[in-house]
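Structure at a glance
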Amino acid sequence: MFHEIPLSRPHTPLLDQVPTPDKLRELPEDALPELARELREYLLWCTGQTGGHFGAGLGVVELTIALHYVYSTPHDRLVWDVGHQAYPHKILTGRKERMLTMRQKDGLAAFPRREESEYDTFGVGHSSTSISAALGMARGAQLTGSNRKVVAVIGDGAMTAGMAFEALNDAAHQDTDMLVILNDNQMSISKAVGGLSNYFSKIWASRSYIAIREGGKRVLQSLPTAMNFARRTEESMKTLVTDSPGALFESIGFNYVGPVDGHDLEELVRTISNLREAKGPQLLHVFTTKGKGFAPAEADPIGYHAITKIAPAAQRATPAVPQGAPKRKYSDVFGDWLCDQAAQDLRLVAITPAMCEGSGMVRYAAEFPDRYHDVAIAEQHAVTFAAGLACEGLKPVVAIYSTFLQRGYDQLIHDVTLQNLDVTFGIDRAGLVGEDGPTHAGAYDLAYMRCLPNLVIAAPSDEQECRLLLSTAWQHPGPAAVRYPRGTGPGAEMSMALDTVAIGKGVLRRAGAPLAGTDTVAILNFGARLGDALAAAEALAAAGVTDASVADMRFVKPLDTDLVRELAGSHALLVTVEEHAVAGGAGSAVSEFLAAEGLQVPVLHLGIRDAYIEHASPAQMLADCGLDADGIAGAIRRRLGR
């Protein structure tokens, strides 16, 4: 058991001998426990240096070793769900010496990526996709005559999503040879069971039992009554001795095995080796401990889901110099507003799809438990559940990440906006998210929401604006969305009032004055890049390029057409700025309005280009997209020929 994260590279002689799984498979089985210890210590050191997802990887060290030991990867396909737990997999598949580049610009990605390694069979980042992808691979192997094996590893939290069960149902229907491993860290479903269950689990995973089971099925095919009796008898026995964790999977059509100890390498290797040769869909239920082997993470698996990198000793020893009031996270602004609004109105009901901590809802969940609903990883259900609440006169608020609302898009259209129901969406992680990369970027919500009738869309520029626009959206008697970024705001002075603003009206933050011999420019800012837009305007004025006006548009829909018309009539160039894809975004709304009105004024759109922006620090990503102050000023200079 480790109690501290190593600050220097640990000694790992056995791990150094297995840079790839083919070398791992040359080890004697009795060497695997020591390999697991070294791998866990190395993982602790790497993650301490880079930050990143922490507890999940520690929990699957033994499972990762066993899978690569038994299966002929990369010929055999191994699909990880979400990918939070994939760091040990990366270390064992040729990337050990690059682990210190994890989540950094031009370094290793935070999740498995097909472009990164042939061992990463499917790109992930969102939950509950592994069984569908693995089923496609298994069926593809059958159609092409390949003998490869396919394994999906999915967590108990990811198993709460409907997509996972859709895939399970289809896999059973197709009777496809594949193994699904349910990695249950006992934080969501099922519970630990006793020795009788473990005994029978070993029997059900044995080669003899599998052979008898498959042979018996063939014999009884011609005897439907006997076949059904045998199946019901087997299911009843499994239900009796396992307190029914496998009854659901058996009823779907999977052969359920487990639960087994996910940290017992001998048992894992034996069980997985037997199941590797089994025919039809198999499900192995494995119990693991999130944060296994690191005492603080085992005690607080939620707090150690991910960590920031450990600062060097010299930096830790230097006391921080107070810099005024600390900047607040947008998620905390949302959480405080949610509590304040709920205290004023009993109709407010808050919903999250498994993002309580990330969305800043911990305090709300404690203070208003009867009006708090964590629906697990079920974004589609979250949206329609909110619609149902609205039908009964309540005013639900759905707290959801931009990248995850994509998964509930049909429900947003059909169940909320089409019926003009009073649902408010607090959309977190809008824009670029830094080290988590393109799988988690909220780069498309304006485009996919702006086309929907009845929906109000707001984009606050700082913490106080966020609170104002949340109150405004919630008071609006219809569907409304407020999108705000990850991390801290610029440090705006906050009011705790529940004030509102006029819907569809922006505000001019800087009025430019014509400079002799220059074109007048108006910057129309949508969202959190207002500070950079203002700084760019000041820099351009100081350099004598142009004295730009800057408008905080506040709303993407309805657009402040009066303000746009006014600025178009008094400026020679309009520049739209948004932390969102240029295609279909807020700038597109401005151009659509100008075209419809026949207003001919040049427009420069600044935002995320037509590409997936790779992981880096938030500042690096903004600079790469030209959305920092220098980038905005430089783009305007180039457009003006300066």
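Residues numbered from 1 in each chain as written. Predicted model: local features only at pLDDT ≥ 70, side-chain atom pairs only at ≥ 80, totals over all residues. Heavy atoms only, no water.

In spatial order, the strands read β9-β8-β10-β11-β13-β12-β17; together these seven strands make up an open sheet with mixed pairing. Since the sheet does not close on itself, it has two edges, and those belong to β9 (372-374) and β17 (555-557), each with one partner. Direction aside, neighbouring strands of the sheet carry axes that sit 20 degrees apart on average. Relative to β9, strand β8 (residues 348-352) runs parallel, the two sharing three bridges. Of the residues in β9, the one forming a bridge with A350 is Y372. Helix α18 (residues 379-391) rests against β8, β9, β10 (395-401) and β11 (424-428) of the sheet, and its axis sits at about 165 degrees to β10. (Pairing = 2+ DSSP bridges. Helix = DSSP H or I, 4+ residues; strand = E, 2+ residues; numbered from the N terminus. Axes fitted to C-alpha atoms, helices over the stretch in contact; angles between N-to-C directions. Contact = heavy atoms within 4.5 Å.)

So, on to the packing of aromatic side chains. Counted by the stated rule, this structure contains eleven aromatic pairs. With 6.5 Å between their ring centres and 25 degrees between their planes, Y330 and Y484 make a pair best called stacked. One end of the pair, Y330, is in helix α16 (residues 330-344); the other, Y484, is in the loop between β13 (480-483) and β14 (507-510), and 154 residues separate them in sequence. No difference in accessibility class separates Y330 from Y484, as the two residues are buried. Their ring planes at 40 degrees and their centres at 6.1 Å tell us that F334 and W337 sit as a pair that is tilted. With F334 and W337 both in helix α16 and three residues apart, the pair spans about one turn of that helix. Judged on exposure class, the residue F334 and its partner W337 are both buried. (Phe/Tyr/Trp six-rings, centres within 6.5 Å; stacked < 30°, edge-to-face > 60°. Buried < 20%, exposed > 50% of the residue type's maximum accessible area, 1.4 Å probe, protein only.)

What follows covers the UniProt feature "binding site: thiamine diphosphate" (unreviewed entry) in the protein chain. With numbering matched to this structure, UniProt assigns "binding site: thiamine diphosphate" (unreviewed entry) to H84, G125, H126, S127, G157, A158, N185, F294 and E379. Here A158 shows up in the loop between β3 (150-155) and α8 (162-174). Given a relative accessible area of 6%, A158 falls into the buried group. Here A158 is in contact with D81, S127, S128, A164 and I377, once residues within four sequence places are set aside. (UniProt positions renumbered as here; feature names shortened; annotations may be inferred.)

For the rest of this paragraph, the subject is the pattern of salt bridges. For the structure shown, the criterion picks out 39 salt bridges. Between R529 and E579 there is a salt bridge, and its shortest N-O distance comes to 2.5 Å. Of this pair, R529 sits in the loop between β15 (521-526) and α23 (530-542) while E579 sits in strand β18 (residues 573-581), and the two are 50 residues apart along the sequence. Each member of the pair, R529 as well as E579, carries the same accessibility label: buried. Salt bridges sharing common partners tie together R328, D336, D340, R363, E367 and R467. (Salt bridge = Lys/Arg side-chain N within 4 Å of Asp/Glu carboxyl O.)

Time to look at the environment of M621. Along the chain, M621 falls in helix α26 (residues 618-624). Accessibility expressed as a relative area gives 1% for M621, which makes it buried. With 189 residues separating them along the chain, M621 and L432 place their C-alpha atoms 7.2 Å apart. Once residues within four sequence positions are removed from consideration, M621 is found in contact with L432, G434, I613, E614 and A616.

This part covers unusual backbone geometry. For the peptide bond that leads from G258 to P259, omega is 0 degrees, which places it in the cis range. The residue P259 is located in strand β5 (residues 255-261) in this model. A cis geometry characterises the amide bond from K557 onward to P558, with omega recorded as -5 degrees. Assignment of secondary structure puts P558 in the loop between β17 and α24 (561-570).

Take the packing of α16 against helix α22 (residues 463-475) next. It is at 10 Å that the axes of α16 and α22 come closest, and there the two elements cross at 40 degrees. One finds that α16 runs oblique with respect to α22. Crossing of α16 over α22 shows right-handed handedness. Across the interface between the two elements, Y330, V333, F334, D336, W337, D340 and Q341 from α16 touch E463, C466, R467, L470, S471, W474 and Q475 from α22. For the contact of α16 with α22, a count of residues per class yields seven nonpolar, three polar and four charged. (Parallel < 35°, antiparallel > 145°, perpendicular 65-115°, else oblique. Left-handed = near helix turned anticlockwise from the far one by under 90°. Nonpolar A, V, L, I, M, F, W, Y, C, P; charged D, E, K, R; others polar.)

Glancing now at the packing of α18 against helix α20 (residues 409-417). Following both chains from N to C, one finds α18 and α20 inclined at 5 degrees, their axes separated by 9 Å at the closest point. Between α18 and α20, the crossing angle belongs to the class labelled roughly parallel. Contacts from Q380, V383, T384 and A387 in α18 reach Q411, L412, D415 and V416 in α20. Counted by class, the contact of α18 with α20 contains four nonpolar, three polar and one charged residues.

To continue, consider the pairing of β10. The buried fraction of β10 is high, at seven of seven residues. Relative to β10, β8 runs parallel, the two sharing four bridges. Bridge pairing in β10 places A350 opposite V397. In the sheet, β10 pairs with β11 via five bridges, with the strands oriented parallel. Along β11, the bridge assignment pairs I400 with I427.

A few words on the sheet that holds β5. To summarise the sheet geometry, strands pair through backbone hydrogen bonds and adopt either a parallel or an antiparallel arrangement. Here we have five strands laid out as an open sheet, ordered β2-β3-β4-β6-β5, and parallel in their pairing. Taken across any chain shown, the strands that pair with only one partner, and hence form the sheet edges, are β2 (77-80) and β5. Shown here is a sheet whose adjacent strand axes are inclined to one another by a mean of 20 degrees, direction ignored. As paired elements, β3 and strand β4 (residues 178-184) share five bridges and run parallel to each other. Note on β4: the bridge partner recorded for V153 is I181. Here α8 sits on the sheet in contact with β3, β4 and β6 (281-287), set at roughly 140 degrees to β6.

Let us now look at helix α25 (residues 586-597). Taking 1.5 Å per residue, twelve residues should reach 16 Å; α25 reaches 17 Å between its end C-alpha atoms and fits that length. Those residues of α25 not exposed but buried are A586, G587, S588, A589, V590, F593 and L594. Backbone geometry just after α25 places G598 at a positive phi near 70 degrees. (Expected span 1.5 Å × (residues − 1).)

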